[in-house]
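Chain and residue survey
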Amino acid sequence: MFKFFCVLVCLLFAASAALAKTSAESKLFLYISPTTHDYFLSQNETYELSVKRWRTHLRKFGKQAHTIGREQLVGGVLLGTLILPNSVALAADEREAIKLFVSRGGNLLGSGLVGSRDSSGNYVGLDFLQSIFHVETNGFFQETSDSFFMPYGDGPVTWPVPAGRRMPLLSAKDSVLRLKSDNLASVVMDWSRTMDLQPNGVMAFNEIGLSRLVYFSFPDTAWPYNRDVQLVMDASLAWLRREPIAYKAAWPDGYVASHLIEMDTEDKFATAVRLAELLEGEGFRGTFYCLTSEAVREPKTVHNLLARGHEIAYHADVHFGFNGDPGGEQELRIAFMIQQMQSIIGERSKEATGFRAPTESYDATTESLLHKYGIKHHAADLSSSADRLPFFSDPGGGRLNFSQSLVVLPRTQRDDIEFQKLQFNADAILANLLYDLNHTVNSGAFGLLSVHSQYFVDGGFMLSPMRSYVKRVSDFRDRLWVARGDEIANWWRRREVVTIKQKKRESTLTILVDSPISVPGLSVFVTVPRKNAVMRIVDISNTSSVRVKKIDSFRSALIFDKHKEGKTVLSLVFDDGR
């Protein structure tokens with residue numbers, strides 16, 4: 001076994017002459033359109049601004065990247081990936097050459113209003129870009145400064161960037177198209193992620209016949225050339241070049257997204273049982289953040305929730321925020337809430353390891369004290385993270401110890417407090433809840449829905465929408481991991497210590513999974529080189545139990561039902577999906 005393991009590791013990291021060979025499909029062609037150049041010049045604008053970032057970015061590819069002009073395009077370039085940076089104006093022969101390139105199996109990446117103007121600069125519509133990239137358009141986004149590119153997490157062309165990260169996008173007049181596609185990779189939303197009733201896709205990908213396509217519905221200059229943007233560009237190019245990529249998935253057991261349904265259990269404390277019953281009806285469990293001054297009046301309710309399998313956590317002692325209060329006062333309150341919980345459930349108070357600040361009011365001192373008193377996760381506010389994923393807080397400012405650090409679960413959805421302020425009726429509340437749910441699943445994100453006990457009384461405005469909502473959540477049970485806050489936080493810690501490396505040799509992808517602890521449920525997503533290609537494990541180095549699950553037409557997952565600590569080396573091959 002040791003010899004077998006060494007051989008596999010050598011295969012994983014040894015240089016191979018075969019890897020140095022450049023296939024025709026791996027070549028990259030940056031097209032500089034003279035027609036577009038002339039159009040921008042007529043508008044006193046510079047086409048080079050769009051082209052420059054691609055020139056810069058493609059340097060890392062060395063001899064695989066080529067800049068070509070009209071003569072080479074029309075003359076017929078070799079197969080590979082053709083990049084059209086904001087090629088707004090295209091002459092008839094350029095259009096035909098691009099169509100021919102794609103029909104022969106060439107891959108295409110485009111940005112902006114590709115081909116929307118003719119050789120004279122006249123607007124001719126969006127038919128060319130819709131047909132060549134196989135997308136539908138639905139008008140433009142309004143010009144605004146509150147506009148963000150939010151990528152889908154763990155997606156084939158956006159996987160290096162966390163789900164839902166707010167990436168600033170300049171939305172000038174008639175510059176960012178609204179897209180509809182079966183394969184979206186990103187949407188545009190405002191900072192608060194407000195429901196948008198119109199299609200809001202801005203990045204799409206597809207595989208049609210022998211060609212792969214990636215399209216950004218905005219000019220390259222609409223977003224900053226920063227690390228996140230470069231990661232999306234790299235992931236897009238790797239996918240276009242059919243390079244299978246293995247990466248650690250955000251969620252266990254092949255789930256694509258996760259959801260916490262929690263209650264801030266305050267006034268009308270006993271109504272918490274109503275939410276518990278709703279969740280249990282679909283086989284779910286939730287988290288109840290308890291205001292301990294109310295919990296001591298309802299000890300039977302607390303014991304009831306525990307007995308049903310729900311998580312009991314803290315919502316402070318009284319309903320006042322912490323932000324800005326002296327550290328001594330904050331510590332007294334935290335110590336007192338723990339004391340009150342101990343008086344209710346005794347030794348089981350050790351299981352109360354979650355916290356949610358009243359009115360979402362907290363500061364770094366609060367988080368430091370939570371860490372000191374053994375709290376493991378903090379359900380925080382909408383502004384706590386730019387991403388729609390959990391993250392680690394290190395209040396002490398030292399090196400993170402993931403086994404001990406505080407996991408922050410950001411609220412990602414509107415809650416009933418906001419619905420009340422907006423004076424939404426039951427139908428509007430349900431529409432917003434379902435919109436957030438669909439977006440959570442589509443974007444591979446973490447969804448945190450917060451509701452309040454006082455709105456679950458007879459006639460309370462959240463009762464009817466939540467009944468319908470929880471049933472709808474159950475429809476996603478094959479893709480959405482609905483879990484308690486402590487379960488999500490514990491998973492996030494275990495997941496963090498795992499590292500993934502890979503090496504491609506001819507037709508075999510070898511993956512090294514390294515972890516100091518066992519992580520059952522670990523999922524490793526792999527982008528497949530062809531649509532619907534079947535991924536098979538042909539070798540594994542230890543006794544870990546791993547199965548393959550198809551996620552969609554472009555991704556499969558390695559799911560570790562049993563994961564052995566240490567190094568696991570797997571060799572994969574891909575059978576043709578056609």
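Everything numeric here is computed off the predicted structure, so don't read it as measured data.

Using the criterion set out here, one finds two cavities of 30 Å³ or more in the structure. Size it by volume and the largest cavity reaches roughly 80 Å³. Lining the largest cavity are 13 residues, and of these Ser192, Arg193, Gln413, Arg414 and Asp436 lie nearest its centre. No other element matches helix H14 (residues 426–442), which puts three residues into the lining of the largest cavity. Grouping the constituent residues of the lining of the largest cavity by class yields three nonpolar, five polar and five charged. Its volume calculated, the second largest cavity comes out at about 50 Å³.

This brings us to helix H8 (residues 272–281). Looking at H8, one finds that the buried residues are Ala272, Val273, Leu275, Ala276, Leu278 and Leu279. For H8, the elements touching its buried residues are strand E13 (257–265), strand E14 (287–290), helix H10 (299–307), strand E20 (446–452) and helix H15 (463–474). Positive backbone phi, at 80°, marks glycine 283, one or two positions downstream of H8.

Gaps left between atoms are located by rolling a probe of water-molecule size over the structure's atoms. Empty space within the second largest pocket amounts to approximately 640 Å³. Ranked by the residues each element gives to the lining of the second largest pocket, the list is headed by H14, at five residues. Looking at the lining of the second largest pocket residue by residue, the classes come out as 15 nonpolar, 11 polar and seven charged.

Bringing the packing of H8 against H15 into the picture now. Two elements in contact, H8 and H15, have axes whose closest approach is 9 Å; the angle formed by their N-to-C orientations is 25°. The orientation of H8 with respect to H15, classified from their angle, is roughly parallel. In this structure, H8 meets H15 at a crossing whose hand is right-handed. Facing Arg274, Leu275, Leu278 and Leu279 of H8, the residues of H15 in contact are Leu463, Met466, Arg467 and Val470. A breakdown of the residues in the contact of H8 with H15 according to their chemical character gives six nonpolar, no polar and two charged.

What follows deals with the sheet that holds strand E28 (residues 566–575). Pairing is antiparallel in the open sheet, where four strands are placed in the order E22-E23-E28-E25. Sheet topology places strand E22 (499–505) and strand E25 (534–540) at the edges, where each strand pairs with a single neighbour. Going from strand to strand, the sheet's axes swing by 25° on average, the running direction of each strand aside. Here E25 runs beside E28; their pairing, made up of six bridges, is antiparallel. Bridge pairing in E28 links isoleucine 540 to leucine 570.

The next thing to look at is the sheet that holds strand E24 (residues 523–527). Reading across the sheet, the four strands line up as E12-E24-E27-E26 and stay open at both edges, with antiparallel pairing between neighbours. Where the open sheet ends on each side, the last strands, each with one partner, are strand E12 (246–248) and strand E26 (545–552). The average angle at which neighbouring strand axes cross in this sheet is 25°, direction not considered.

The next point concerns the pattern of salt bridges. Within the structure shown, the criterion is met by 32 salt bridges. By sharing partners, the salt bridges in this structure join Glu262, Asp264, Arg356, Glu360, Arg411, Asp415 and Glu418 into a single network.

Alternating positions in strand E17 (residues 377–380) separate into two faces, His377 and Ala379 on one and His378 and Ala380 on the other, with burial throughout. Sheet topology note: the strand E16 (residues 354–355)/E17 ladder contains two bridges and is parallel. Along E17, the bridge assignment pairs phenylalanine 355 with histidine 378. Taken together, E16, helix H12 (residues 364–372) and E17 form a β-α-β motif whose crossover is right-handed.

By size, the foremost hydrophobic cluster in this structure holds 64 residues, and its most contacted members are Leu275, Phe288, Phe355, Phe456, Met466 and Tyr469. For this core, the element with the most residues is helix H11 (residues 327–345), which contributes six residues. Grouped together as the second largest cluster of nonpolar side chains are 39 residues, Phe40, Val51, Val232 and Leu237 included.

Averaged over the protein chain, the pLDDT score is 92; the fraction of residues at 70 or greater is 94%. Long-range and interchain partners of residues 1–22, a stretch whose pLDDT sits below 50, account for 30 contacts in this model, where long-range means more than four residues apart.

For the rest of this paragraph, the subject is unusual backbone geometry. Backbone geometry at histidine 134 places phi at a positive 55°, although glycine is not the residue there. You will see that aspartate 174, though not glycine, has its phi angle at about 50°, which is positive.

Definitions and limits used
Here the residue index of a chain counts from 1 through its sequence in written order. Given that this is a predicted model, residues contribute local features only at a pLDDT of at least 70 and side-chain atom pairs are listed and counted only at 80 or more, while totals for whole chains, interfaces and linings are drawn from all residues. Hydrogens and waters are ignored; side-chain quantities use all the structure's heavy atoms. For each structure, a 1 Å grid was placed over the protein atoms alone; sets of points admitting a 1.4 Å probe that cannot get out are labelled cavities, open sets with protein on both sides within 12 Å along at least five of seven lines are labelled pockets, and lining residues have an atom within 4 Å of a point. Grid points are joined across faces, edges and corners, and a volume is the space filled by probe spheres set on the points. Working definition: helices are DSSP H or I runs of at least four residues, strands are E runs of at least two. Numbering for both runs from the N terminus. When residues are sorted by character, Ala, Val, Leu, Ile, Met, Phe, Trp, Tyr, Cys and Pro go into the nonpolar class, Asp, Glu, Lys and Arg into the charged class, and all the rest, Gly among them, into the polar class. Throughout this description, buried means an accessible area under 20% of the type-specific maximum (1.4 Å probe, protein chains only), exposed means over 50%, and partly exposed covers the range between. Note on definitions: a residue-residue contact is assigned when non-hydrogen atoms from the two residues lie within 4.5 Å. The axes are straight lines fitted to the C-alpha atoms, using for helices just the contacting stretch, and the angles between their N-to-C directions are given from 0 to 180°. Roughly parallel means an angle under 35 degrees; roughly antiparallel, over 145; roughly perpendicular, 65 to 115; everything else is oblique. Left-handed describes a crossing whose near helix is turned anticlockwise from the far helix by less than a right angle; the clockwise case is right-handed. Note: two strands are recorded as paired if DSSP finds a minimum of 2 bridges between them. In the sections that follow, a salt bridge refers to a side-chain nitrogen of Lys or Arg positioned within 4 Å of a carboxyl oxygen of Asp or Glu. Orient the strands so they point away from the viewer; a crossover is then right-handed if the path from the first strand over the helix to the second runs clockwise. Remark: nonpolar core denotes a set of buried residues (Ala, Val, Leu, Ile, Met, Phe, Trp, Tyr, Cys) joined through side-chain atoms within 4.5 Å. Residue-level confidence of the predictor is what pLDDT reports, using numbers from 0 through 100.

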